Amino acid sequence: MTAYLKLDHIDKSFARGGQVSEVLKDIRLTIDKGEFVSIIGHSGCGKSTLLNLIAGLTKVSAGAVLLEDKEVDSPGPERAVVFQNHSLLPWLTVYENINLAVSKVFGGTRSRAERHDWIMRNLDLVQMAHARDKRPAEISGGMKQRVGIARALAMEPKILLLDEPFGALDALTRAHLQDAVMDIHSRLGSTTIMITHDVDEAVLLSDRIVMMTNGPAATIGEVLAVPLARPRRRVELSSDRTFLRCREAVLKFLYERHRFVEAAE
Amino acid sequence: MSIQTIEDTTVKAFPAKPAEVIAFTAKARRRFDPIVIAGKLASALVPPAIVIALMLIVWQIACSSPTASLPPPSQVWNEAYDLIAHPFFNNGPQDIGLAWRVLISLQRVAIGFGLAAIVGVALGALVGQSIWAMRGLDPVFQILRTVPPLAWLPLSLAAFRDSSPSALFVIFITSIWPIIINTAVGVRNIPEDYRNVSRILRLNQFEFFVKIMVPAAAPYIFTGLRIGIGLSWLAIVAAEMLTGGVGIGFFIWDAWNSSRLPDIIVALAYIGVTGFCLDRLVAAVGAFVTRGTTAK
């Protein structure tokens, strides 16, 4: 069986003036359909760059991103991104924001009534149907992120890309949204890649955790499988041996073997 | 530890909804309270009324000596009473009320400014979107925008060989620069995230323009339009003084030639009030169109 998503020897460097800075070096990873993979690393290690490469928002310098054996070279709705700062359009209501995506992606294939039902289905999925006529400024940060997830899901993507989706939220809201994402993942089986710098979040949500070494020229240091049965419950897991072992492994990687050295140069 | 606090939360609903409703009705009731409205009106109207009254008194005293070169307010009131009291009289082609003259000037402004708005937003979008268009066009714009409105008039008279299109052109060329420049700044300031959203959705150029660029840049565009309409009202009066016709600008020139100073003063008041209304009109349209846009 060939991999669903394959990152094939990817290098990424940025040229600025005469200087070329190498951000990512020799990234190799395969992800199966339905898998939930987290990418974790210290800030500046290029994990967001990696997500942008998969999304097609930035181009690889060498190597290739292959989705179902087809090369990715531009962004598209089959690789929907949930941005860290939600990126909802503030002049549109919640419903209109999702409608913008749905009418663009399914405008030719589904009737107006079908599209309406589809938007409401996705709003229900993130429990935001009650706020359909509100503008982003009128709802809380957690709600905005829910709508951002609904917009991404409404594109019916092959891969869902989450770019530190809960980074800007408080701990309680973050827990709610993690539960929501777990629930959605178990219902839809969507292949998901999530960038995070929260160890607990990574262990709780992922099937595998990809740990990045520090930049420049960051690469994948280690990949940890999380052999926890689903559905997972955070209360039970807090004393689960496997959970604690995985957590320890990630912590050791991040804080012992690849400690973040600030301004090393 | 923070994990401990997260674990115990099972609440799914979002609270504080009833509180919102109560606050809203309370606010709504207060809005229709006549005493509050009267108070607000008074605090808005009384201070300017006092200032205007004081100015009129000072002016009356300063100009009441027989040797004064300018008429005092009492003389203006007496001699130009028909202009003040009957803005809409119509006694033949050259003898019409000031309101008609203002409307004729406004019509010119509407055409010239309307064209400037369309062309200005389109050019501004181009300059904001393309780095090469900006490099090529921006220096030209920066030089041309400093040319005073009337400096264009001889050239446009020579080009159009008629006073009416010349006046329109002067309005157009005066008001277009702030529209272009503000639109360009607005387009350049569209957050990268909105562009990424449009790239992921694969919006085409036209969809991006209508659905992302114009709404995202709308606050900037309306700033440009507001400056532009102010400039075009400045330009029309000056242009009409030279091109003739029946506008409010020409009326002033005509009154000067026949030494009717009180008429000029009344016309100035008309121009000022009209300019103020135009500014507020564009600002109100802008506030209506961009509601919610500026909020983060």
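If you're wondering where the values come from, they're calculated on a predicted model, not measured in any experiment.

Explanation requested: the UniProt feature "domain: ABC transmembrane type-1" (unreviewed entry) in chain B in the structure shown.
The feature "domain: ABC transmembrane type-1" (unreviewed entry), as annotated in UniProt, sits at residues 102-283 of chain B in this numbering. What you have in residues 102-283 of chain B is 86% helix and 0% strand, and the ends, taken at the C-alpha atoms, are 20 Å apart.

Which parts of the structure should I look at to understand the domain arrangement of chain A?
Many analyses report the size of an interface as the accessible area lost when the parts associate. Residue and element names in this part refer to chain A. When cut into domains, chain A gives domain 1 (1-78 + 159-240) and domain 2 (87-156). A separation of 24 Å is found between the C-alpha centroids of domain 1 and domain 2. Listed by partner, the interface residues are 13 residues for domain 1 and eleven residues for domain 2. Approximately 1000 Å² of surface area, both sides summed, lies buried where domain 1 meets domain 2, with 79% of it carried by carbon and sulfur atoms. The largest per-residue losses of area from domain 1 upon contact with domain 2 belong to Pro 77, Leu 177 and Ile 184, which jointly make up 41% of the total buried on that side. The interface formed by domain 1 and domain 2 contains zero salt bridges. At the boundary of domain 1 and domain 2, one finds one residue pair in polar contact (both at pLDDT 80 or more). With eight residues, helix α5 (residues 171-188) is the single largest residue contributor to the side of domain 1 that touches domain 2.

Before we go on, may I ask you to explain the confidence of the model for chain B in this structure?
Parts of the prediction with low pLDDT should not have their coordinates interpreted in detail. This prediction gives chain B a mean pLDDT of 85; 88% of its residues lie at or above 70. Taken over the whole predicted complex, pTM reads 0.78, whereas the ipTM for its chain interfaces reads 0.87.

How should the packing of helix α3 (residues 112-125) of chain A against helix α4 (residues 141-154) of chain A be read in this particular structure?
Between two packed helices, the angle of one axis relative to the other and the distance separating the axes together describe the packing. Residue and element names in this part refer to chain A. As a packed pair, α3 and α4 sit with axes 9 Å apart at the nearest point and diverge in direction by 135°. As judged from the angle between their axes, α3 and α4 are oblique. You can see that α3 and α4 cross each other, and the crossing is right-handed. In this structure, α3 contributes Trp 118, Asn 122 and Leu 125 to the contact, and α4 contributes Ala 150, Leu 153 and Ala 154. Within the contact of α3 with α4, the residues separate by chemical class into five nonpolar, one polar and no charged.

Help me out: how do you make sense of the interface of chain A and chain B in this one?
The interface is formed by 40 residues belonging to chain A together with 30 residues belonging to chain B. For the pair chain A and chain B, the summed buried area comes to about 3100 Å², and 64% of that belongs to carbon and sulfur atoms. Per-residue buried area on chain A facing chain B is highest for Trp 91, Leu 100 and Lys 104 of chain A; these three make up 20% of the total on that side. The interface formed by chain A and chain B holds two salt bridges in total. Of the charged contacts, one joins Arg 202 of chain B and Glu 78 of chain A as a salt bridge, the two residues approaching to 4.0 Å between their closest N and O atoms. Our count for the chain A to chain B interface comes out at six residue pairs in polar contact (both at pLDDT 80 or more). Counting residues per element, the ones that place at least two in the side of chain A that touches chain B are β6 (79-82), α2 (94-106), α4, α5 and α7 (234-237) of chain A. Considered class by class, the residues forming the side of chain A that touches chain B number 20 nonpolar, nine polar and eleven charged.

Before we go on, may I ask you to explain the pairing of strand β9 (residues 208-212) of chain A in this structure?
Sheet faces and side chains relate simply in a regular strand, where the side chains alternate between the two faces. Residue and element names in this part refer to chain A. Across the five residues of β9, five count as buried, placing the element largely inside the fold. The pairing of strand β3 (residues 36-40) with β9 spans four bridges and is classified as parallel. By the bridge assignment, Ile 40 is partnered in β9 with Met 211. Bridge count for β9 against strand β10 (residues 220-225) is five bridges, and the pairing is antiparallel. Following the sheet pairing, Met 211 is matched in β10 by Glu 222.

What's the story with the sheet that holds β9 of chain A in this structure? I'm lost.
What holds strands together in a sheet is hydrogen bonding between their backbones, with the strands either parallel or antiparallel. Residue and element names in this part refer to chain A. Ordered by their spatial adjacency, six strands build an open sheet running β6-β7-β8-β3-β9-β10, and the pairing between neighbours is mixed. The outermost strands of the open sheet, each flanked by one partner alone, are β6 and β10. Between one strand axis and the next, the sheet turns by 20° as a mean value, whatever way the strands run. The strands that α4 touches are β6 and β7 (159-163); relative to β6, the one it contacts most, it runs at about 175°.

Just to check I follow, could you spell out the pairing of strand β8 (residues 191-196) of chain A for this structure?
Residue and element names in this part refer to chain A. Burial within β8 is extensive, with six of its six residues counted as buried. Taken together, the five bridges between β7 and β8 define a ladder with parallel strand orientation. Note on β8: the bridge partner recorded for Leu 161 is Ile 193. In terms of handedness, the path from β7 via α5 over to β8 forms a crossover that is right-handed.

How each quantity is defined
Residues numbered from 1 in each chain as written. Chains lettered and ligands numbered in written order. Predicted model: local features only at pLDDT ≥ 70, side-chain atom pairs only at ≥ 80, totals over all residues. Heavy atoms only, no water. UniProt positions renumbered as here; feature names shortened; annotations may be inferred. Helix = DSSP H or I, 4+ residues; strand = E, 2+ residues; numbered from the N terminus. Domains from an automatic or database assignment. Contact = heavy atoms within 4.5 Å. Buried area = accessible area lost by both parts, 1.4 Å probe. Salt bridge = Lys/Arg side-chain N within 4 Å of Asp/Glu carboxyl O. Polar contact = N/O pair within 3.5 Å; in protein donor to acceptor, adjacent residues only side chain to side chain. pLDDT = per-residue confidence, 0-100. Axes fitted to C-alpha atoms, helices over the stretch in contact; angles between N-to-C directions. Parallel < 35°, antiparallel > 145°, perpendicular 65-115°, else oblique. Left-handed = near helix turned anticlockwise from the far one by under 90°. Nonpolar A, V, L, I, M, F, W, Y, C, P; charged D, E, K, R; others polar. Buried < 20%, exposed > 50% of the residue type's maximum accessible area, 1.4 Å probe, protein only. Pairing = 2+ DSSP bridges. Right-handed = clockwise from strand over helix to strand, strands pointing away.

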